[in-house]
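Chain by chain, the residues:
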Amino acid sequence: MKTAVIVALTLAGLIPAGGLLFFGKQSLTTVVVPPMEFIAENVVILVIDGPRYTETFGAENMKYIPNFRDSLLPQATFFEDFSNNGSTFTNAGHASITTGRYQKVENSGLEAPKYPSIFQYYMRQRKRNYNDAWIITSKGKLDILANSAYDGWTNQDMARTWCGPEGEGYGYGNDPYTMEITDSVIKNFHPRLLLVNLLEVDVNGHGKNWEGYIKGIQSTDQQALQLWNMIQSDPIYKDKTALFITNDHGRHCDGHKDGFVSHGGGCKCCRKISLVALGPDFKKGRVVSEPYELIDIAATAAEILGINMSLSKGRFMTDLVFDKE
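So, how was this worked out
Residues numbered from 1 in each chain as written. Predicted model: local features only at pLDDT ≥ 70, side-chain atom pairs only at ≥ 80, totals over all residues. Heavy atoms only, no water. Disulfide = S-S within 2.5 Å. Helix = DSSP H or I, 4+ residues; strand = E, 2+ residues; numbered from the N terminus. Buried < 20%, exposed > 50% of the residue type's maximum accessible area, 1.4 Å probe, protein only. Phe/Tyr/Trp six-rings, centres within 6.5 Å; stacked < 30°, edge-to-face > 60°. Lys NZ or Arg CZ within 6 Å of the ring centre and 35° of its normal. Contact = heavy atoms within 4.5 Å. Salt bridge = Lys/Arg side-chain N within 4 Å of Asp/Glu carboxyl O. 1 Å grid on protein atoms, 1.4 Å probe; cavity = no way out; pocket = protein on both sides within 12 Å on 5 of 7 lines; lining within 4 Å. Points joined across faces, edges and corners; volume = space filled by probe spheres on them. Nonpolar A, V, L, I, M, F, W, Y, C, P; charged D, E, K, R; others polar.

With that settled, consider the state of the cysteines. Applying the stated criterion to the full structure yields one disulfide. Paired through a disulfide, C253 and C269 show a sulfur-sulfur distance of 2.0 Å. Here the disulfide of C253 and C269 is right-handed, its torsion about the S-S bond being about 100°. Of this pair, C253 sits in the loop between β8 (241–246) and α8 (268–271) while C269 sits in helix α8, placing them 16 residues apart in sequence. Among the residues examined, C253 registers a relative accessible area of 13% and is labelled buried. Residue C269 is classed as buried on the basis of its relative accessible area of 14%. Lacking any disulfide linkage, C267 is separated from the closest cysteine sulfur, that of C270, by 3.5 Å. A residue is classified by how much of its surface remains accessible, and C267, at 12% relative accessible area, is buried.

This is the structure we're talking about:
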């Protein structure tokens, strides 16, 4: 499905003569956004849970993520100034990705996001069938991403979920098995909107296991390429799918609290994360230095899918598709 970009309605609520007004962390910027149609018909979001930037794209020669460095980045747009500017805990970070709103969400999995998600907007506005939106996560507590506490949305228009080791919303699973489930869902259902979470990095960090933490970064580097290869080898998804690869949060800086072991709060290493975006509409081999943030993923995915997330506070990431004047 193709859709025109109408960014002003979701960003500022007005279209001034000569362009759109973006209100963000930086000074007011006028950006001329001509109408366009997207080739991508599907959106996949991969969340690699909790690596620090210093061990991923900030490491010397990206030594722990060779698949990103050598295979994915040449095909992608990379955002080098990308942040979680809200709560830097797992459930809140994921809720920011899916709702386009920063919010505090209880981290145990007992509280649904406060705002409707892109999955709910998509199912309601596009009137899609049950298998067109999926959430697949190694962490069972992220089953809450399918729901919302917002009036009129609770238990409505929910995505299908496979969360945790048995897919029942409990416990912590195994990333390789999560990838097997993802492969099966793609082959059997071809959801138009899919989110996948991988936990190995975060779990080993909390376990004070530096070697396991690094191994987790190396494993998820392989799994990110595996997912892109799944997409590009599937005749329905190939060259029709946008893939966003990001994190929910980083971890404490060395010397701050317990360092890589934990996260939460506003330290710069918890906030600084990464975004790699691949797809038929996106620039290849581009590095974007303009600041963007976690809530912008939902806004951008919504434009691709042709839906209006009226409660989102994110902005469309124009650097994915347009050249600077």
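Moving on, there is more to tell.
Attention shifts here to the packing of aromatic side chains. Inspection of the entire model under this criterion finds 14 aromatic pairs. The interplanar angle of 75° and the centroid separation of 6.3 Å between the aromatic rings of W162 and Y177 together place this pair among those described as edge-to-face. With W162 in strand β6 (residues 160–163) and Y177 in helix α5 (residues 175–189), the pair connects residues that are 15 residues apart, well separated along the chain. By relative accessible area, W162 is classed as partly exposed at 21%. Ring pairs connect the aromatic residues Y53, F57, F68 and F78, which therefore count as one cluster. Seen from the ring of W153, R124 lies directly overhead, with NZ or CZ sitting 3.7 Å from the centre. Across from the ring centre of F189, 5.6 Å away, lies the NZ or CZ of R160, which sits over that ring.

Another point: helix α3 (residues 90–99). Within α3, ten of the ten residues are buried, leaving the element largely enclosed by the surrounding structure. All of the buried residues in α3 are T90, N91, A92, G93, H94, A95, S96, I97, T98 and T99. Those residues of α3 that are buried are in contact with β3 (42–48), α4 (118–126), β7 (193–198), α6 (200–206), β8 and α9 (296–305). Positive phi appears at G100, one or two residues downstream of α3, with a value of about 70°.

Turning our eyes to something else, we now look at the environment of I304. Relative to the helices and strands, I304 resides in helix α9. Taking the relative accessible area as the measure of exposure, I304 reaches 2% and is therefore buried. As a C-alpha pair, I304 and I39 span 265 residues in sequence and 8.6 Å in three-dimensional space.

According to the stated counting rule, one finds 15 salt bridges in the structure shown. Its salt-bridge partner being R52, residue E55 comes within 2.8 Å of it at the nearest N-O pair. Put simply, D49, K139, D202 and R251 are held in one network by salt bridges that share partners.

This brings us to empty space enclosed by the protein. A complete count under the given rule lists two cavities of 30 Å³ or more for this structure. Empty space within the largest cavity amounts to approximately 110 Å³. Where the lining of the largest cavity is concerned, the elements lending two or more residues are α7 (210–233), β8 and β9 (272–278). Looking at the lining of the largest cavity element by element, the count peaks at three residues for α7. Its residues assigned to classes, the lining of the largest cavity shows nine nonpolar, five polar and one charged.

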